[in-house]
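# Chains, contacts and geometry: an overview
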Amino acid sequence: MESFAGKLAVVTGGGSGMGRELVRQLAAQGCSVAACDLNADTISATMSLAQAGAPPGCRVTGHVCDVADEAQVLRFRDEVLKQHATRHVNLVFSNAGIGGAGSFVVDSRQEWERTFAIDFWGVYYCARAFLPLLIASSEGVLVNTSSVNGFWASLGPGIPHTAYSTAKFAVKGFSEALIEDLRINAPHVRVAVVMPGHIGTDIVTNSRRILGVPGVEQMSDEEVEAGRASMTRFGAVAEGASVEELRQAMARAGDAFRDTAPMSAAEAAETILDEVRKGSWRILVGEDAKGLDAVVRAKPEAAYDFLA
Ligand SMILES: NC(=O)c1ccc[n+]([C@@H]2O[C@H](COP(=O)([O-])OP(=O)(O)OC[C@H]3O[C@@H](n4cnc5c(N)ncnc54)[C@H](O)[C@@H]3O)[C@@H](O)[C@H]2O)c1
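Below is a summary of the structure that appears in this document.

What counts, and at which threshold
- Residues numbered from 1 in each chain as written.
- Predicted model: local features only at pLDDT ≥ 70, side-chain atom pairs only at ≥ 80, totals over all residues.
- Heavy atoms only, no water.
- Phe/Tyr/Trp six-rings, centres within 6.5 Å; stacked < 30°, edge-to-face > 60°.
- Buried < 20%, exposed > 50% of the residue type's maximum accessible area, 1.4 Å probe, protein only.
- Helix = DSSP H or I, 4+ residues; strand = E, 2+ residues; numbered from the N terminus.
- Near = heavy atom within 4 Å.
- Polar contact = N/O pair within 3.5 Å; in protein donor to acceptor, adjacent residues only side chain to side chain.
- Areas by Shrake-Rupley, 256 points an atom, 1.4 Å probe, with all protein chains shown as cover.
- Core = buried A, V, L, I, M, F, W, Y, C linked by side-chain atoms within 4.5 Å.
- Pairing = 2+ DSSP bridges.
- Axes fitted to C-alpha atoms, helices over the stretch in contact; angles between N-to-C directions.
- Contact = heavy atoms within 4.5 Å.
- Parallel < 35°, antiparallel > 145°, perpendicular 65-115°, else oblique.
- Left-handed = near helix turned anticlockwise from the far one by under 90°.
- Nonpolar A, V, L, I, M, F, W, Y, C, P; charged D, E, K, R; others polar.
- Patch = residues over 30% accessible without salt bridge, like charges linked within 9 Å, V, L, I, M, F, W, Y side chains within 5 Å.
- Salt bridge = Lys/Arg side-chain N within 4 Å of Asp/Glu carboxyl O.
- Expected span 1.5 Å × (residues − 1).
- Arc of directions from axis to C-beta.
- Right-handed = clockwise from strand over helix to strand, strands pointing away.

So, about the packing of aromatic side chains. When we look at a pair of aromatic rings, we describe it by the centre distance and by the angle of the planes. A full pass over the atoms with the stated rule returns 11 aromatic pairs. Their ring planes at 65° and their centres at 5.3 Å tell us that Phe-120 and Trp-121 sit as a pair that is edge-to-face. The exposure class of Phe-120 is buried, given its relative accessible area of 11%. Residue classification places Trp-121 among the partly exposed residues on the basis of a relative accessible area of 36%. Relative to Tyr-124, the ring of Trp-121 has its centre 5.3 Å away and its plane inclined at 90°; by these criteria the two rings are edge-to-face. Of this pair, Trp-121 and Tyr-124 both sit in helix H4 (residues 109-135), three residues apart, roughly one helical turn.

With that settled, the discussion passes to the site of the ligand. Around the ligand, 30 residues are found, and the nearest of them are Ser-16, Asp-37, Asn-95, Tyr-164 and Thr-201. Here an oxygen atom of the ligand and a backbone polar atom of Met-18 are 2.9 Å apart. Surface burial for the ligand is 98%, taken as the share of its 820 Å² of free accessible area covered by protein chains. Taken together, the elements giving at least two residues each to the shell around the ligand come down to helix H1 (17-28), helix H5 (162-185) and helix H6 (203-211).

Within the largest apolar cluster, 33 residues are counted, with the highest numbers of intra-cluster contacts made by Leu-26, Leu-91, Phe-93, Ile-272 and Val-276. Top element by residues in this core is helix H11 (residues 265-278). It accounts for six residues. Judged by nonpolar contacts, the second largest core, of 32 residues, contains Phe-76, Ala-117, Leu-142 and Leu-182.

Within the open sheet, the seven strands sit side by side as S3-S2-S1-S4-S5-S6-S9. Their pairing is parallel. At either end of the open sheet lies a strand with only one pairing partner, and these are strand S3 (60-64) and strand S9 (282-285). Pairs of neighbouring strands in the sheet enclose a mean axial angle of 15°, with direction left out of account. Taken together, the five bridges between strand S1 (residues 8-12) and strand S2 (residues 32-37) define a ladder with parallel strand orientation. Within S2, the position partnered with Val-11 by the bridge is Ala-35. Packing against the sheet, helix H3 (residues 70-83) makes contact with S1, S2 and S3, and its axis sits at approximately 155° to S3. Packing of helix H12 (residues 287-298) onto the sheet brings it into contact with strand S6 (189-196) and S9, and relative to S9 it is tilted by some 115°.

At a minimum axis distance of 9 Å, the contact between H3 and H4 shows a crossing angle of 25°. Compared by their axis directions, H3 and H4 come out roughly parallel. Pair H3 / H4 crosses with right-handed handedness. The segment H3 lies against H4, with Glu-70, Val-73, Leu-74, Phe-76, Arg-77, Val-80 and Leu-81 engaging Tyr-125, Cys-126, Ala-129, Phe-130 and Leu-133. Classifying every residue of the contact of H3 with H4 gives 10 nonpolar, no polar and two charged.

Let us look at the packing of H1 against helix H2 (residues 40-52). At a minimum axis separation of 9 Å, H1 and H2 run at an interaxial angle of 25°. As far as their axial angle goes, H2 and H1 are roughly parallel. Along this stretch, H1 crosses H2, giving a crossing that reads as right-handed. Mapping the contact onto sequence places Arg-20, Val-23, Arg-24 and Ala-27 in H1 and Thr-42, Ala-45, Thr-46, Leu-49 and Ala-50 in H2. For the contact of H1 with H2, the residue count by class is five nonpolar, two polar and two charged.

A cluster of nonpolar residues, Phe-104, Val-105 and Val-106, forms a patch on the protein surface that exposes about 390 Å² of accessible area. Tracing the sequence through the fold places Val-105 in the loop between strand S4 (91-94) and H4.

We now examine H11. Counted at 1.5 Å a residue, the expected span for H11 with its 14 residues is 20 Å, and the 20 Å between its end C-alpha atoms agrees. Of all the positions in H11, only Ala-265, Ala-268, Ala-269, Ile-272, Leu-273, Glu-275 and Val-276 are classed as buried. Take H11 and look down its axis: the buried residues cluster within an arc of 165°, on one side only. Phi turns positive one or two residues past the end of H11, at Gly-279, with a value near 95°.

Moving on to the pairing of S3. Note: S2 against S3, five bridges, orientation parallel. Bridge pairing links Ala-34 to Thr-61 in S3. For the segment spanning S2, H2 and S3, crossover handedness is right-handed.

Dropping the structure here:
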């Protein structure tokens with residue numbers, strides 16, 4: 001696919017971060033986009049932003065949809081077909097995702113399953129709903145967002161990361177398994193898997209809101225203590241910080257995650273779109289992702305002995 005101009009793309013999780021940037025950049029390149037999000041306000045803002053930067057004839061629509069609910073995904077698909085007066089789509093970016101339920105042992109089963117449902121079943125339901133529409137096009141690409149946690153199931157020492165990593169491994173496995181399936185059964189459609197490293201987005205804040213995690217001010221000292229390892233690991237507090245310092249740092253964690261990233265959402269979306277255009281199927285985003293991939297491949301047995 002040499003150009004996105006004149007094509008129609010579907011983007012999930014378009015209300016923020018990389019999803020918003022994918023919508024904006026696709027539209028700026030003359031690609032019509034149907035974007036969904038859980039959040040009606042942010043998807044509407046993305047739609048206005050992208051439409052304002054799009055050339056004439058390019059249409060951007062925003063839809064409210066929970067990708068973890070198959071009935072909502074099917075409704076989203078039907079809205080896309082109707083509002084874009086089409087019977088096919090050319091690109092599907094399954095980008096929506098959240099982080100949560102780090103521990104299988106102590107975190108709630110409800111939070112674990114909600115995180116997994118968004119991060120894996122969301123990708124699966126979108127493939128079920130939209131792959132037939134990619135097959136109906138003359139040339140289609142399914143782009144599934146995994147993570148470096150799709151090949152390394154960790155955030156580092158002392159920080160369990162189970163629900164997200166399990167889902168992201170599943171997204172990577174599903175996408176890789178589709179390569180040969182599509183080659184045989186729909187050779188004009190291909191699949192790509194995106195594995196970003198640390199990208200500057202509001203995913204920490206958005207995930208907490210979506211999971212209904214209480215604000216830091218409502219947390220007990222014990223709950224605040226539970227976050228010490230990850231806060232220290234990301235340099236958000238010094239070793240030996242008091243509980244109060246830890247609490248304050250946790251309140252700033254979402255902004256810190258966004259502001260200390262080596263790559264912005266706009267740069268990440270640019271990389272993803274460039275690689276999709278080139279025909280890559282394995283898209284590592286950021287030097288940190290490339291470095292981690294090399295280390296894990298070189299010494300898989302040592303992957304959890306800790307790398308950094
Ligand atoms: N930011 C990173 O460092 C990073 C690294 C690796 C992978 N990723 C992955 O990249 C993707 C985009 O993340 P981001 O960092 O741009 O996050 P983000 O929070 O900025 O954007 C994600 C969007 O998805 C939406 N969303 C969440 N659950 C949804 C659902 N059930 N249905 C529809 N929309 C939903 C959110 O409302 C949000 O607008 C995610 O899959 C994430 O796991 C992010």
